[in-house]
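Per-entry structural report
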Amino acid sequence: MIPLTQIQNGDWVRVADFQGGRGMEAKLTQLGFLPGNKIRVIRSAPFHGPLLIDVEGREIVLGRGVAHHILVEQL
């Protein structure tokens, strides 16, 4: 498992787990980051900017601090 921040643009991955407390987990599950879901990094902004993620057909912007708490597996 690796943090979402280490995934390249265009790559599909599967959500495996979360790091952080219950509040972080609740926020991420409300956004659709459920363990087992496939997600894709659409774009990673330069200079450590936010990530644009495809989650179940929706585009969601995540800051790198939050994205680092999402652990994923390569497909």
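Residues numbered from 1 in each chain as written. Predicted model: local features only at pLDDT ≥ 70, side-chain atom pairs only at ≥ 80, totals over all residues. Heavy atoms only, no water.

**A look at the sheet that holds strand 4 (residues 51–55)**
- As summarised here, the arrangement of the six strands in space is 1-6-2-3-4-5, forming an open sheet in which the pairing is antiparallel. Looking at the sheet topology across the chains shown, the edges are occupied by strand 1 (2–3) and strand 5 (58–62).
- Summarising the sheet, strand 1 and strand 6 (residues 70–74) pair through two bridges and their orientation is antiparallel. Each residue of the ladder has a partner; that of P3, found in strand 6, is L71. (Pairing = 2+ DSSP bridges. Helix = DSSP H or I, 4+ residues; strand = E, 2+ residues; numbered from the N terminus.)

**Some thoughts on the nonpolar core**
- By size, the foremost hydrophobic cluster in this structure holds 18 residues, and its most contacted members are L4, F33, I39, I53, L62, I70 and V72.
- In contact with L4, not counting residues within four places along its chain, are V13, F33, I39, V41, L51, I53, L62, A67, I70 and V72. (Core = buried A, V, L, I, M, F, W, Y, C linked by side-chain atoms within 4.5 Å. Buried < 20%, exposed > 50% of the residue type's maximum accessible area, 1.4 Å probe, protein only. Contact = heavy atoms within 4.5 Å.)

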